[in-house]
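# Fold and contact review
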Amino acid sequence: MDKKVQKQMFIVKSPCYKCKEMFNVALVNEEVGTGQIYGPEEFTKEEMRLAEEHGVLIKEQFSATRQESYYANTCPNCGVFVGQHFLFTEYFCEASYGGCEYETIDLA
Ligand SMILES: [Zn+2]
């Protein structure tokens, strides 16, 4: 069993862009080594639980542009949330290039 492709959850510790407090943001890299990621709105129940266990606050948010609610990483201090686009540019890329502290959890 040589499984090359692995799914990993990233827990990225980064200062909030609004209040500057550090908080944890969760995202899943669908295939290690690629830029294929998804955020809490596509998390399974298990992934949701895992993220919360690692101190990530995931809350339902309402997007005015999309006219629908979805789950997003939320700052526990000021309540601002991280949109899908920022998840990639501000968190995944930062972590990939060693620009911030993060941990990874292997998913099945
Ligand atoms: Zn904040």
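Residues numbered from 1 in each chain as written. Predicted model: local features only at pLDDT ≥ 70, side-chain atom pairs only at ≥ 80, totals over all residues. Heavy atoms only, no water.

With that settled, the discussion passes to the packing of aromatic side chains. The description of an aromatic ring pair uses the distance of the two centres, along with the angle that the planes make with each other. A complete count under the given rule lists six aromatic pairs for this structure. Ring centres of tyrosine 38 and phenylalanine 43 lie 6.1 Å apart, and the angle between their planes is 75 degrees; on these two criteria the pair is classed as edge-to-face. Tyrosine 38 sits in the buried class, given a relative accessible area of 6%. The exposure class assigned to phenylalanine 43 is buried, which follows from its relative accessible area of 9%. (Phe/Tyr/Trp six-rings, centres within 6.5 Å; stacked < 30°, edge-to-face > 60°. Buried < 20%, exposed > 50% of the residue type's maximum accessible area, 1.4 Å probe, protein only.)

Our next topic: the coordination of the zinc ion. Taken together, the protein donors to the zinc ion comprise Cys16 (SG), Cys19 (SG), Cys75 (SG) and Cys78 (SG), at separations of 2.3 Å. Viewed at the metal, the four donor atoms of the zinc ion are separated by angles of 106 to 112 degrees, and the geometry they form is tetrahedral. Read in sequence order, the donor residues for the zinc ion give the motif C-x2-C-x55-C-x2-C. (Donors = N, O, S within 2.8 Å, 3.2 Å for Na, K, Ca; no water. Tetrahedral: all angles 85-135°; square planar, octahedral: opposite > 155°, others 65-115°.)

By themselves these figures say nothing about function.
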